[in-house]
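Chains, contacts and geometry: an overview
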Amino acid sequence: MSDCFDRAPGAGRGQGRGRGGGALLSGSGAAESGSSGARLGGSGFPSSGPAEPPHKPGFLQQQQQQEPLRPPKTVPPGTGNAEHMPQTKVPPVSQDKIAAHDCGSAMAKPQLVVAPVATSKLSVNAPEFYPSGYNPSFTDSSFEDGCDGYPTLTEYVQDFLNHLTEQPGCFETEIEHFAETLNGWVTTDEALQELVELIYRQATSVPNFSYMGARLCNYLSHHLTINPQSGNFRQLLLQRCRTEYENRDQAAKGDEATRKQFHAFVLFLAELYLNLEIKGTKGQVMRAEILQTGLRELLNALFSNPVDNNLICAVKLLKLTGSVLEDAWKEKGKTDMDEMVQRIENVVLDANCSRDVKQMLLKLVELRSSNWGRVHVTSTYREATPENDPNYFMNEPTFYTSEGVPFTAADPDYQEKYQELLDREDFFPDYEENGTDLSGAGDPYFDDIDDEMDPEIEEAYEKFCLESERKRKQ
C-alpha cells in the first residue's frame, strides 16, 4: 500500500482517466505490458476492465510536460531517508515512478535543471592594478632611465610634479636623480624658463603643493648647473613671482576666481620665504630679504580689501610666517608687527566681515600675544623659595600632633613645632626616608652605637608583645 504513495503528487492521474477501465491491482510482482498499457497483478491475470487504445494526452498531461513536478510535502513511510533536493532539481524518483514513466503514456520525463556555476575572472597572472590617477612611471625601472621615455621636457617634469603631489614622502629619495636628469636636459634659456613656469603653475594651482613646490625650488636653485645670461633658476623664479606681485591690488579687488588664484600665490610666496635659502657674502645661510618686503606689501593689499576670503588668507599667512617676520623686523628695530596687529583690530571693529572671520582675527591677535605659541626656557638658575616655587614643600616630611592632626612646613601655625621636630630628625643625618644607610663604612659615630635595646625599652616591648598575643586569643 505504501508503494501507491511513492510518487509525486499528480503523477499518473491523467493516465488513469484516459484508460477508463484500467485497474491497479496490489501485488508483489507488478509487470508492465507495453501494448495494452494495463497493469497486471502478482497472479499474472489481466484486469477485469477492457484495455483502451492509446489516446492523445489531455490538458493535465500538457501541463506536466511544460512544468517540472514539485516535490512532495511529506515523505511516505517505508521509503527510507529521502532528502529534499534543491529547487533547481527534480526530487528523487522511486521505482514505481520509473515504471510509470516507461509506459506507453505520452507524459514527458522530468528534466534536471542545472544551476549556473559562477565563474571568476580573477587570475594570478593578471597585470598589476593601479588606482585611477596613479602614475607608476617614477617608481619602476623607467624612472631610472631618466627622460629617455619622454618626448619632451614638459611631460617629464609634469609627471614628476604629479608624482610628488601624490607621494610627497618620496621627495628625499628621488629629488637628487631628478636634478641630475634636468642638468642633462635643461641646457637652454627656453628650457629653464619652461621649467620655472611648470613648477610655479603646479605650486599655485594644486592644493597643498605650495610647501613641496618651495622645497623643490630651493633644491634646484642650489643643484642646477645651468647659468644663462638671462639668470639662473632662482632669479627666474623670483622674476615670475614679481609679475604676479605687481598685480596685487587688482587681484585683491577682483572676482572670486581671481582672488582665489591670488591667495594661492600669496601662500606659495610665504613658503618660499621660509624654505628658500640664500648664501650671504660671508657664506652664511639666510632668507631672501626681498620676499620679506613682498609679504609685508601683500598683507597691506589683503587688509585694504577686507572681504572674508582676503582676511582668511591674511590669517593663514601670519600663522605661517608671523613669528619669523616679527623676529626679522625686531632685529632691524622695526615695529611692523605692532602696526599689523593694530590694523587687524581696526578691521574687527569697522569691517563688514562675518562673525567667524572676526573670531579668527581675534584668535590670531591672541596667538601673537603668546609669542606665537613659542615657549622659551630660561636657563638662569634661581634658588627655590616658597614664593617662587609652588612645589617647594612637596618633598618635606609630614608630622602629626597628639590629636592626630597632620601638619607640614607650609602650615604657619606649626612652624616652630615643625622646626623642632625637624631638628630631631637631623640627629640621623645620613639616613634617607627609606632607611638607606648613606654613611661610609667604618663611621665612628655609627660604630659606637650599641645594637642592644635599653632595658626599659626591652621591658616595654615585651609587655607590648604579651598584650598583643592576649588580644589575639580573645
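Now for a quick tour of the structure. (Residues numbered from 1 in each chain as written. Predicted model: local features only at pLDDT ≥ 70, side-chain atom pairs only at ≥ 80, totals over all residues. Heavy atoms only, no water.)

Next up on the list: the overall build of the chain. Within the chain, the regular secondary structure consists of 18 helices and 6 strands. Within the chain, the proportion of its 474 residues that are buried is 31%. Within the chain, contacts between residues separated by at least 24 positions form 61% of all contacts whose residues are at least 6 apart in sequence. Entry remark: accessible area of the chain is about 31900 Å², with carbon and sulfur atoms responsible for 51%. (Helix = DSSP H or I, 4+ residues; strand = E, 2+ residues; numbered from the N terminus. Buried < 20%, exposed > 50% of the residue type's maximum accessible area, 1.4 Å probe, protein only. Contact = heavy atoms within 4.5 Å. Areas by Shrake-Rupley, 256 points an atom, 1.4 Å probe, with all protein chains shown as cover.)

This paragraph deals with the nonpolar core. Ranked by internal contacts, the top residues of the largest apolar core, which has 76 residues, are Leu182, Leu195, Leu216, Leu220, Phe233 and Leu272. Here this core takes 10 residues from helix H13 (residues 308-331), the largest share from any one element. Among residues more than four places away in sequence, those in contact with leucine 272 are Ala214, Cys217, Leu237, Cys241 and Leu291. (Core = buried A, V, L, I, M, F, W, Y, C linked by side-chain atoms within 4.5 Å.)

The final tally for this structure, using the stated rule, is 5 aromatic pairs. With 5.4 Å between their ring centres and 70° between their planes, tyrosine 150 and tyrosine 156 make a pair best called edge-to-face. Three or more aromatic residues joined by ring pairs form one cluster here, namely Tyr150, Tyr156, Phe160, Phe178 and Trp185. A cation sits over an aromatic face here: arginine 248 above tyrosine 245, 4.3 Å from the ring centre. For arginine 287, the ring lying beneath its charged end belongs to tyrosine 273, and the centroid distance is 5.9 Å. (Phe/Tyr/Trp six-rings, centres within 6.5 Å; stacked < 30°, edge-to-face > 60°. Lys NZ or Arg CZ within 6 Å of the ring centre and 35° of its normal.)

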